[in-house]
Structures are given as structure tokens and as C-alpha cells.
Amino acid sequence: MSRVVYEFHIKNYVVLKLDEMPKKAYRLFLIDGKKHSPVPIYDAKNCIAIESDESFLGKVIEFV
């Protein structure tokens, strides 16, 4: 599990910077019991993106 340390919004997406990335493969993100599909991003260290307009700052992300 990782924690969101920074976020920014671009249109209907949110990019989340995490304190650490998992070392295992994953297909979904679990945040507050809700599943989110990843949106591909490149060249952004320790970052993930999802389609959402919510704030996730300080939340814990579980990779499933």
C-alpha cells in the first residue's frame, strides 16, 4: 500500500504522486473501498492517474 503525497487535476483526470510504488504487478487501485482503473501515464516517477474529480490527498492506495 502507498499514500498519496501530492495530486493535480487535468480535466476529468487526477494524477496522484505516491510515497512509493508497489514492486508487484497490479490491475486496479483500491481507494476507500472503491476500485479505480489505471490511466496510462509515462515519465512521472511514483505517479498514477485515474479518471475522477475527487481529492485523494493523504489517502492510502491498495494495488490489486
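Up top you'll find the structure we're talking about.
(A) Geometry of the packing of aromatic side chains. In the structure shown here, the tally under the stated rule is 4 aromatic pairs. Aromatic pair Y6 and F8: ring centres 6.3 Å apart, planes at 45°, arrangement tilted. Take F8: its relative accessible area is 36%, and that puts it in the partly exposed class. Each member of the aromatic cluster is reached from another via a ring pair, and the members are Y26, F29 and F63.

(B) Geometry of the side chain of S52. Locating S52 in the fold gives a position in the loop between β5 (47-51) and β6 (60-63). Relative accessible area serves as the criterion here: at 10%, S52 is assigned to the buried category.

(C) Main features of the sheet that holds β6. Taken in spatial order, the 6 strands make up an open sheet running β4-β3-β6-β1-β2-β5, and their pairing is antiparallel. Among the strands making up the open sheet, the edge pair consists of β4 (34-36) and β5. Between one strand axis and the next, the sheet turns by 40° as a mean value, whatever way the strands run. In the sheet, strand β3 (residues 29-31) pairs with β4 via 3 bridges, with the strands oriented antiparallel. Within β4, the residue paired with F29 across the bridge is H36.

(D) Structural view of a nonpolar patch on the surface. Residues V5, Y6, F8 and I10 make up a contiguous nonpolar surface patch of about 380 Å² in total accessible area. Structurally, V5 can be placed in strand β1 (residues 2-10). With a relative accessible area of 46%, V5 lands in the partly exposed category.

The rules we used
Residues numbered from 1 in each chain as written. Predicted model: local features only at pLDDT ≥ 70, side-chain atom pairs only at ≥ 80, totals over all residues. Heavy atoms only, no water. Phe/Tyr/Trp six-rings, centres within 6.5 Å; stacked < 30°, edge-to-face > 60°. Buried < 20%, exposed > 50% of the residue type's maximum accessible area, 1.4 Å probe, protein only. Helix = DSSP H or I, 4+ residues; strand = E, 2+ residues; numbered from the N terminus. Pairing = 2+ DSSP bridges. Axes fitted to C-alpha atoms, helices over the stretch in contact; angles between N-to-C directions. Patch = residues over 30% accessible without salt bridge, like charges linked within 9 Å, V, L, I, M, F, W, Y side chains within 5 Å. Areas by Shrake-Rupley, 256 points an atom, 1.4 Å probe, with all protein chains shown as cover. Salt bridge = Lys/Arg side-chain N within 4 Å of Asp/Glu carboxyl O.

Function cannot be inferred from these measures alone, as they are strictly geometric.
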